[in-house]
Amino acid sequence: MSRFAKQGRVFYVEDAFYHDNDEVQPHLEIKERPQGLKVVVSHLPDRLRHDAPAADAAQQQLLQGYFQEQNLTNYLFWYYTPMALGKSGGFAPALTVYDCMDELANFKFAPPELREREQELFGKADLVFTGGHTLYEAKRQQHPDAHPFPSSIDKDHFGQARQPLPEPADQVGIAHPRIGFFGVVDERLDIELLGQLAEAHSEWQFVIIGPVVKIDPATLPQSANIHYLGGKDYQELPTYLAGWDVATLLFADNESTKFISPTKTPEYLAAGRPVVSTPIRDVVRPYGELNLVQIAATAEEFGQAIEMALTQAQDTDWRQRTDNYLATISWDQTWQQMVDLMQQKLGKKWLATRELQE
């Protein structure tokens, strides 16, 4: 979105914020972000919290007023979730993109109507982008113009971790070797595997960075060598990565991980960290097949892979092959490929409209 914001106006519409009282009147909050990107948040009274149709209608009214105020007459709609359809009715975008980053219906506490909404969005979308090849294989059966866009990286940002950086205060006292993970701590994290590894390898310190969401924190394994440091800002991540010896993708094998394509895979590699992952399909292909990331299914295999990874940072051949692969991907390239597809689709729609008029 920040790249699009360099070319034109971008409004990122977030989920509504519900107040704990009914006195507040529905209104919009506009947050300014870099490159001129604007984050748009609807503020709604508590009475609408459990009345989805009324909440959608209120947000739609707020957005329509804002569009008029901003003189938005020629615009594109970009959906990250089908649930946003409810508040975006009554608009006429020149182009509609569904950027499908995951199989959201498989997530814990997913709205029951999500699958139905997604089918509706497929009917409206001109283009569907998917966050990985496995997801693409599923979605191309449902939309004629789907395209895979696996996770890319900001190489310069994560590449900072290849140089010595000041240790964050909450990590500096943790002994080595450090085995790290960053990401949302939810039903996708294999907490059983984490517990087994910590118990079998007391000589290793496991650093877990990320907010605990949708699961009870009390269910997380508690051990002297597991350190839960909580959520961190994106800008801070390289300072943590720089102090790790091995990075991991500790994902469980369940419905919520069937279609994921973890962004953190190339981010870890860009930071120069050896990586061990459970057999997530979009990690196995291409990273495992190219022998850039070690794949392990059981706690015993994972432990053995970490042992090997602890010496991998000194492997010049692995480093060179990793960097050669990373040179083929970037967010700039991903964005440009998306723009090309959008421009082609807009051109076809314009020609079709002109032919109808003639």
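Details of the structure are given in the entry above.
Residues numbered from 1 in each chain as written. Predicted model: local features only at pLDDT ≥ 70, side-chain atom pairs only at ≥ 80, totals over all residues. Heavy atoms only, no water.

### Digging into the overall build of the protein
Each helix and strand in the protein was counted, giving twelve helices and 14 strands. The C-alpha atoms of the protein give 22 Å as radius of gyration, which agrees with the globular expectation for 358 residues (21 Å, within 12%). Long-range pairs, those at least 24 residues apart, make up 68% of the contacts in the protein with a sequence separation of at least 6. Accessible area for the protein stands at about 18000 Å²; split by element, carbon and sulfur atoms hold 50% of it. In the protein, which carries 32 positive and 50 negative side-chain charges, the distance between the mean positions of the two groups comes to 6 Å. (Helix = DSSP H or I, 4+ residues; strand = E, 2+ residues; numbered from the N terminus. Rg over C-alpha atoms; globule rule 2.2 N^0.38 Å. Contact = heavy atoms within 4.5 Å. Areas by Shrake-Rupley, 256 points an atom, 1.4 Å probe, with all protein chains shown as cover. Lys, Arg positive; Asp, Glu negative; His and termini not counted. Charge placed at Lys NZ, Arg CZ, Asp CG, Glu CD.)

### Focus on the pairing of strand 9 (residues 178-182)
With five of its five residues buried, strand 9 lies for the most part within the structure. Where burial is concerned, the two faces of strand 9 agree: the one with R178, G180 and F182 and the one with I179 and F181 are both buried. In this sheet, strand 12 (residues 246-249) lies alongside strand 9 in parallel orientation, the contact comprising two bridges. Note that in strand 12 the partner of G180 across the bridge is A247. (Buried < 20%, exposed > 50% of the residue type's maximum accessible area, 1.4 Å probe, protein only. Pairing = 2+ DSSP bridges.)

### Some remarks on the nonpolar core
Counting 51 residues, the largest nonpolar core has W244, L250 and Y268 as the members making the most contacts within it. Ignoring sequence-local partners within four residues, the contact set of L250 consists of F181, R188, L189, D190, L193, L194, L197, I208, T278 and F302. Grouped together as the second largest cluster of nonpolar side chains are 21 residues, L72, Y75, Y79 and L135 included. (Core = buried A, V, L, I, M, F, W, Y, C linked by side-chain atoms within 4.5 Å.)

### So, helix 10 (residues 299-312)
Along its 14 residues, helix 10 runs 20 Å from first to last C-alpha, staying within 8% of the 20 Å computed at 1.5 Å per residue. Those residues of helix 10 that sit buried are F302, G303, A305, I306, A309 and Q312. In a view along the axis of helix 10, the buried residues occupy a sector of 165°, so they form one face of it. Summarising the geometry of helix 10, the exposed residues directed more than 90 degrees from the buried face are E300, M308 and T311. Those residues of helix 10 that are buried are in contact with strand 9, helix 6 (191-200), strand 12, strand 13 (275-277), strand 14 (294-295) and helix 11 (316-326). (Expected span 1.5 Å × (residues − 1). Arc of directions from axis to C-beta.)

### A short note on the side chain of D56
One can find D56 in helix 2 (residues 52-69). For D56, a relative accessible area of 15% translates into the label buried. Apart from the residues within four sequence positions on either side, D56 is in contact with G86, K87 and R117.

### Considerations on the sheet that holds strand 14
Ordered by their spatial adjacency, six strands build an open sheet running 11-10-9-12-13-14, and the pairing between neighbours is parallel. Strands at the two margins of the open sheet, each flanked by one partner only, are strand 11 (226-230) and strand 14.

### What about the sheet that holds strand 7 (residues 127-130)?
Here we have four strands laid out as an open sheet, ordered 5-6-7-8, and parallel in their pairing. A single partner strand is all that each edge strand has here, and the edge strands are strand 5 (76-79) and strand 8 (146-148). Strand-to-strand twist across the sheet, computed as the mean angle between neighbouring axes with direction ignored, equals 20°. Of the strand pairs in this sheet, strand 6 (residues 95-100) and strand 7 are connected by four bridges, and their pairing is parallel. In the sheet register, D99 faces strand 7, and the bridge partner there is F129. Of the strands in this sheet, strand 5, strand 6 and strand 7 touch helix 3 (residues 114-124), which is tilted by about 140° from strand 6. (Axes fitted to C-alpha atoms, helices over the stretch in contact; angles between N-to-C directions.)

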